[in-house]
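Examining the three-dimensional arrangement
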Amino acid sequence: MSEPAASPVHSSPADAAALPRVRCFSGIQPSGAPHIGNDLGAIRNYVALQDRYESIYAIVDFHALTSTHDADLLRRRTREMAAALLALGLDPAKCTLFVQSHRPEVTELMWLFTTVTPVSWLERTPTYKEKRENQPEDVNHGLLTYPVLQAADIVLYKASLVPVGRDQAAHLELSREIVRAFNNRYGPTFPEPQAVYTEAPVVLGTDGVRKMSKSMGNTIEIFAPADEIRRQVTSMVTDTERIKRTDPGRPEVCNVCQLHRFFGDDYAEIWDGERTARTGCVDTKKLLVERILRHYAPARERYAELMASPVTVDRVLEEGAERLRPIATATIAEVREKMGLR
Ligand code: AMP
Ligand code: TRP
């Protein structure tokens, strides 16, 4: 786990013990199958942090509504994402997993936050500009307000640590600005949240150029059938300057080689094999498929079990939302008081 983006925070378990009630929060959209970018960039930190802090994780269906408009699809993906997170290691005995819309207090806090957020901050958000280009037919208001809801998500629970991938840096910065604006106007109320990154804050996609992302179609999906994972890895763009098998490669720019870092303990050897042309791209890809399948085998098994028992998953989500009620209610009462709403 690397240092948070902003000023350093407590990073050893001993420090954590000395500082009670440090909360961690993150959200993930139920917008499709989770990929290894999600896991390496964020989910593995969700799992690590649940042992060290009071951790809360949301499947952010309100956010997903800005792009997914099919009710059945959203319902299905929400349950699939919950099963995926549990399969990858979230433990309901150690953390709270819930569906964002099941704790609707967040929408009230979001509204209150819109009144301290200048529109110009939202209009300059990079993800808003991207979405405007990606879905020009559907530039809904939710896309603009998206980061305000994200800020509300985090601080409704007064969380200060937020495990995310680097693509969320601008959103996190905005969350901090919104919190600062609120605290300045109404008095110190919320901690300023900080991002926590993994060793792989940006995982590149199979095209080797852009970040791995569902919307780009360049993903390696964790729970896809083995043949599909094989196809996705085989399609990866490697070192474009390595034309012949006998050409020495540049492992530092080869995404396949870079991914080996996370799926075995012989990265140095793989690196050297590519550098000296002892191994070719095809060999390195075959090995990566095997390693990914081996690494995720227990999670894939657990995912299949959970998907066969939807009540188990739904119960975890219901209990999660219920457990959060007192915190959410207390924050709303405090904020209403401070803002003159009673
Ligand atoms: P999303 O699927 O966009 O809701 O992302 C869920 C989490 O995964 C967020 O914390 C993202 O920052 C993280 N994430 C998504 N794609 C990547 C990637 N290619 N590399 C690293 N982290 C990622
Ligand atoms: N915007 C995040 C993403 O696209 C999802 C998200 C919503 C989130 N609310 C959050 C992440 C709160 C961290 C904290 O991945």
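Preceding this paragraph is the structure being described.
In short, a report on the structure. (Residues numbered from 1 in each chain as written. Chains lettered and ligands numbered in written order. Predicted model: local features only at pLDDT ≥ 70, side-chain atom pairs only at ≥ 80, totals over all residues. Heavy atoms only, no water.)

1. Here's the deal with the overall build of the protein chain
Let me state the cut-off plainly: Each helix is a run of H or I in the DSSP string that is no shorter than four residues. Each strand is a run of E no shorter than two, and both are numbered from the N terminus. Throughout, the radius of gyration refers to the C-alpha atoms, and the reference size of a globule is 2.2 Å times the residue count to the power 0.38. Classification of residues uses two cut-offs on accessible area relative to the type maximum, computed with a 1.4 Å probe and protein chains only: under 20% is buried, over 50% is exposed, and between them is partly exposed. When checking whether two residues touch, look at their non-hydrogen atoms; a contact exists if any pair is within 4.5 Å. Note that accessible areas follow from Shrake-Rupley with a 1.4 Å probe, and for residues the cover is restricted to the protein chains shown.
For the protein chain, the helix and strand inventory stands at 14 helices and five strands. Computed over its C-alpha atoms, the radius of gyration of the protein chain comes to 21 Å, within 12% of the 20 Å expected for a compact globule of 342 residues. Put simply, the protein chain has 342 residues, and 51% of those count as buried. Pairs at least 24 apart in sequence give 76% of the contacts found in the protein chain among residues at least 6 apart. Accessible surface, the protein chain: about 15,900 Å² in total, of which carbon and sulfur atoms supply 53%.

2. Some thoughts on the environment of Thr78
Relative to the helices and strands, Thr78 resides in helix H4 (residues 71–87). Classification of Thr78 as buried rests on a relative accessible area of 9%. Between the C-alpha atom of Thr78 and that of Lys214, which follows or precedes it by 136 residues, the distance is 15 Å.

3. Quick look at the nonpolar core
Rules: Buried Ala, Val, Leu, Ile, Met, Phe, Trp, Tyr and Cys residues that are joined via side-chain atoms within 4.5 Å together make up what is termed a nonpolar core. For the domains described, the bounds stem from an automatic or database domain assignment.
Ranked by internal contacts, the top residues of the largest apolar core, which has 55 residues, are Ile36, Leu85, Leu97, Ile220 and Ile292. Two domains each put at least three residues into this core: domain 1 (13–203 + 310–339) and domain 2 (214–300). Setting aside anything within four residues of it in sequence, one finds Ile292 in contact with Ile36, Ile220, Ile229, Val233 and Phe263. Val60, Tyr157, Ile178 and Leu324 belong to the second largest nonpolar core, which has 43 residues in total.

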